[in-house]
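The primary structure of each chain is shown beneath.
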2 protein chains.
Amino acid sequence: MTKSPPVDASQEQIDTPALLLDLDVLDRNLERMAALVANTGIRLRPHVKTHKSPLIAHRQMAAGAVGVCCAKVGEAEVMVAGGIPDVLITTPVVAPEKIRRLMSLARQATVGVVADDLQNVRHLSEAAKEQKVTVHLVVEINVGQNRCGVSPGPAGADLADEIARLPGLRFRGFQGYHGSLQQVVDLDRRAAEIRRALDLLLESAQAARGRGHAIDVLTGGGTGSSATDIGFHGLTELQPGSYVLMDCNYSRIHWGADGALVPFGNAISILTSVVSCTSADRIIVDTGWKSASCDSGMPVLKAIDGATFAFAGDEHGKVSVPEGTRISAGDKLELLPSHCDTTVNLYDHYVCVRDGKVESLWPVAARGRSQ
Amino acid sequence: MTKSPPVDASQEQIDTPALLLDLDVLDRNLERMAALVANTGIRLRPHVKTHKSPLIAHRQMAAGAVGVCCAKVGEAEVMVAGGIPDVLITTPVVAPEKIRRLMSLARQATVGVVADDLQNVRHLSEAAKEQKVTVHLVVEINVGQNRCGVSPGPAGADLADEIARLPGLRFRGFQGYHGSLQQVVDLDRRAAEIRRALDLLLESAQAARGRGHAIDVLTGGGTGSSATDIGFHGLTELQPGSYVLMDCNYSRIHWGADGALVPFGNAISILTSVVSCTSADRIIVDTGWKSASCDSGMPVLKAIDGATFAFAGDEHGKVSVPEGTRISAGDKLELLPSHCDTTVNLYDHYVCVRDGKVESLWPVAARGRSQ
C-alpha cells in the first residue's frame with residue numbers, strides 16, 4: 001500500500017501527488033491573524049472547513065481562538081472528538097438524523113448552530129428538550145449572498161423571539177456571510193461592499209435589541225474581509241478559514257492602502273512529478289482533477305516564473321515552461337492550489353515539512369465529512 | 001460519528017449528501033457491455049479509475065473482463081489486495097518509490113504498465129531483474145490527445161526493440177487513448193475521429209510487426225467509443241470505465257444511427273437535501289464542490305423536468321425549479337453527476353440501493369489513491 005514518507009525524509013523523497021504543509025508558514029499565519037484581532041475586542045472563531053484537522057484547530061485555539069466554525073455536523077464531530085470544546089455549525093441542520101447527532105454533540109461540547117427557518121427551530125428545540133441539552137442558536141441573515149438566511153431587519157428578530165421562547169435553545173445573535181466578496185481584489189471596493197453587507201447584519205441586531213434580546217454574537221467575515229471586519233463596530237466574532245493555509249487566488253488580493261498583498265503566506269502546496277515528457281511542449285505531471293480542485297481556476301507553479309499549469313484529466317496535468325527551462329520525466333514540481341478548501345478535501349493527510357524535511361504527517365481527519 | 005444507513009432502510013432514510021448506487025442499473029450496464037463485446041474477439045479490460053471498488057471490478061470479471069486497467073499504482077494495489085489477478089497501469093510509472101511498489105505487485109499478480117520513455121523502460125527492467133519478476137510492457141502511442149505517448153510509427157517500434165532486449169520485461173503491444181473524443185455527441189463525427197486515432201495505433205503495430213514483434217495487446221477506447229472500437233479490425237482490448245456507473249454527460253451522446261442514446265443507464269446519483277428555502281428562488285441544498293465534481297459541468301436533477309442545479313460553494317448548491325413545484329427544507333432530491341470518476345472520488349462509500357431500499361454499503365476502496 002501507499003507508503004508514508006519517513007520522518008526526516010527530504011522533500012525530494014516524498015511520493016507524489018502529495019499535499020505539503022510548510023509548518024513555518026503555518027505558524028506565521030497563525031501569529032499574523034492573532035496580531036490582527038488583538039486589542040480589537042473581536043473574538044476569533046476560525047472556520048475549519050478549510051483544513052479539516054483538529055491538530056490545526058488546536059493551534060488556532062492556542063493562538064487565541066474561542067472555538068471553531070464547522071460547515072457540517074460531521075466536521076463538528078471530528079473536532080469535538082479531537083478535543084475542541086466549542087463549535088458553531090454555520091449551515092442549517094435540518095434532517096432528523098443530523099439533529100440527533102447534533103444533540104449528541106451538545107452533551108460533549110458547547111454547540112451552536114445557525115438557523116433561518118421557524119419549523120427547523122422548533123425541531124431543534126424538541127430534540128434539545130428531549131435530550132436535556134442546550135443548543136446555542138445563531139440566526140442567519142442574508143446579507144447579499146442570496147444563499148441561506150432570512151431577510152435583514154425584523155425577520156431575524158421574529159425568529160429570535162421564537163427561539164427565546166422555546167426550551168433547549170439559547171438565542172445568541174446573528175450570522176451574516178458574503179463569500180463572493182472575499183476575493184474582490186481591489187481593497188476599497190471590497191471594503192465598501194463588505195461594510196454594506198455588515199450594515200445589514202447590524203440592522204438585524206438593532207431590531208432584535210429593540211425587542212429586548214441580548215446580542216452576544218454577531219459573526220461573519222472571511223480571510224479577505226478580515227482587515228475591514230476588525231474595524232467594523234458591532235461585529236463580535238470573525239470566522240476566517242483560508243488564512244491559515246492560503247491559496248493562489250487569495251494571494252492576489254490587495255490588503256494595504258499602499259498596494260500591499262495579503263499578509264498570509266502559502267502554507268500548502270501540491271508536490272507533483274513529471275511522468276511523461278515526450279517533447280518540450282508536452283510536460284505531463286501526475287496531478288489532475290483528483291488531486292487538485294478546479295472549481296476556482298488553475299493551480300500555479302510555485303518556483304518557475306512564467307510557467308503555467310492546465311488540467312489534462314483526472315490524474316494528469318500539463319505544464320508549460322518558458323523556453324530554455326530544462327524539465328525531464330521524474331522531476332518534481334510544486335503547485336499552489338487555486339482553492340485550499342476543496343484541494344485539502346482530496347487528501348488523506350498533510351505531509352508537514354520544515355526547512356525542506358518531513359517533520360510529521362497530519363491526518364485530514366474530517367476529509368469527506370460532508371454529512 | 002457519521003452513521004451508515006442500516007440495511008433495508010428506505011432511500012428516504014439515507015443521510016445526505018450520499019452517493020447512491022442502483023444495483024439493478026449496475027447489473028444491466030455490466031450485461032450490456034458484455035453483450036457488446038461478445039463474439040467480437042476483443043477482450044474487455046475495464047478501467048477502475050471510475051469506480052475504485054474491487055467489488056465492482058469482480059462483477060466486471062464475472063461478466064467476462066480479462067483484468068482491469070488502473071490509473072495509478074495505488075489503485076492497482078487496492079485491486080490486487082482485493083483479489084483481482086491481472087492489472088494494467090495506463091500511465092507511466094516513473095518515480096523510484098513507485099517502481100519499487102510496482103515490482104512488489106508483480107510478485108502477487110499479472111502486472112502490466114505503459115511506458116513512453118527509454119530511460120523509464122531501463123529503470124523498470126533493472127528493478128524487475130533485481131526483484132526477479134516479469135512486468136508486461138505496453139508502449140503508449142500519442143494518437144492525438146497530446147498527453148503521454150510516443151509519436152505513431154517507428155518510435156513505438158524503437159521502444160519495443162529495447163523492451164524485447166531487456167531482462168525482466170515482456171513487450172506486449174501498444175496503447176492509444178483519445179479521451180477528448182469520448183463525449184463527442186454526434187455519432188458519425190465521433191466514429192470518424194476515433195477511427196483516425198486507431199489508425200495511428202495500427203500504424204505503430206505494423207511498424208513493430210515489421211521488426212518481428214508479436215503484438216498481443218492493442219488497447220484503447222472508452223465508453224463513448226466502444227461501439228466503434230468493437231468494429232475496428234486489429235484492436236485486441238477495450239478499456240472503458242464510465243459505462244458501469246455513467247453520468248449525465250455520457251448520457252447525452254448518440255449511439256445508434258437512429259439517434260438512440262447510449263445504452264448504459266445512470267447507476268449512480270447524489271442524494272441531497274434542501275437545507276434552506278427562504279424564498280421560492282432560494283432553494284439551497286447540501287451538495288457543493290466537496291460532494292459533486294465540477295470539472296465537467298453541472299450535475300442535473302434526476303426527477304424534476306426543467307429544474308437546474310448550480311454550485312453555491314464548498315457545501316452548497318442552488319436548485320431552480322419550474323413555477324408551481326413545491327419544495328421545502330428537509331426535502332430530498334437526486335442529482336446526476338456530470339463526471340462519475342471525479343464525483344466517486346469524493347465519497348468513502350457507495351450506498352447500494354435496489355427497489356428504493358438500502359442493500360449494502362460498498363467502500364470506494366481506492367478513493368484518494370492518486371499516488
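An account of the accompanying structure is given in this report. (Residues numbered from 1 in each chain as written. Chains lettered and ligands numbered in written order. Predicted model: local features only at pLDDT ≥ 70, side-chain atom pairs only at ≥ 80, totals over all residues.)

1. Examining the overall build of chain A
The condition is simple: Secondary structure elements are taken from DSSP: a helix is a run of H or I of four residues or more, a strand is a run of E of two residues or more, and numbering for both begins at the N terminus. Each radius of gyration is computed over the set of C-alpha atoms, and the globule rule expresses the reference value as 2.2 Å times the number of residues to the power 0.38. Any residue surrounded by 20 or more other C-beta atoms within 10 Å of its C-beta is treated as buried, while 12 or fewer makes it exposed and the intermediate range makes it partly exposed; C-beta atoms here are placed from the backbone. Here contacts are defined at the residue level, using C-beta atoms placed from the backbone and a cut-off of 7 Å between them.
A count of helical and extended segments in chain A gives 9 helices and 17 strands. Whereas a compact globule of 371 residues would reach a radius of gyration of roughly 21 Å, chain A reaches 22 Å, a difference of no more than 12%. In terms of overall dimensions, chain A has C-alpha extents of about 70 × 50 × 35 Å along its principal axes. For chain A, the residues scored as buried account for 56% of the 371 residues in total. Taking as baseline every contact in chain A between residues at least 6 positions apart, the subset at least 24 positions apart corresponds to 66%.

2. Digging into the interface of chain B and chain A
Stated formally: Here the nonpolar group is Ala, Val, Leu, Ile, Met, Phe, Trp, Tyr, Cys and Pro; Asp, Glu, Lys and Arg are the charged ones; every other residue, Gly included, is treated as polar.
Across the boundary between the two partners, chain B contributes 57 residues, which contact 57 residues of chain A. The element that contributes the greatest number of residues to the side of chain B that touches chain A is strand 10 (residues 268–277) of chain B, accounting for 3 residues. Of the residues in the side of chain B that touches chain A, the class split is 16 nonpolar, 23 polar and 18 charged.

3. Notes on helix 3 (residues 73–81) of chain B
Residues and elements named next belong to chain B. The element helix 3 is largely enclosed, with a buried count of 8 among its 9 residues. Taken residue by residue, helix 3 has Val 73, Gly 74, Glu 75, Ala 76, Glu 77, Val 78, Met 79 and Val 80 as its buried positions. Two residues or fewer after helix 3 comes Gly 83, characterised by a positive phi angle close to 100°.

4. Focus: the relation of the copies chain B and chain A
Under the convention used in this document: The copies are overlaid by a least-squares fit using only the C-alpha atoms of residues whose pLDDT is at least 70 in both copies.
Structural alignment of chain B on chain A gives an RMSD of 0.0 Å, achieved by rotating through 180° and translating 0.0 Å along the axis. The transformation just described matches what one would write down for a two-fold rotation axis. The residues that chain B uses at the interface reappear at the interface of chain A in 100% of cases, marking a shared surface.

5. Observations concerning the pairing of strand 10 (residues 268–277) of chain A
Residues and elements named next belong to chain A. Just so we agree on the cut-off: Strand pairing is assigned whenever DSSP detects at least two bridges linking the two strands.
Most of strand 10 is tucked away, with 10 of its 10 residues classed as buried. Where strand 10 and strand 15 (residues 332–336) come together, 4 bridges link them in antiparallel fashion. Bridge assignment links Thr 272 to a residue of strand 15, and that residue is Leu 333. The pairing of strand 10 with strand 11 (residues 283–285) spans 3 bridges and is antiparallel. When the bridges of strand 11 are listed, Ser 276 appears paired with Ile 284. Between the end of strand 10 and the start of strand 11, which pair antiparallel, lie 5 residues.

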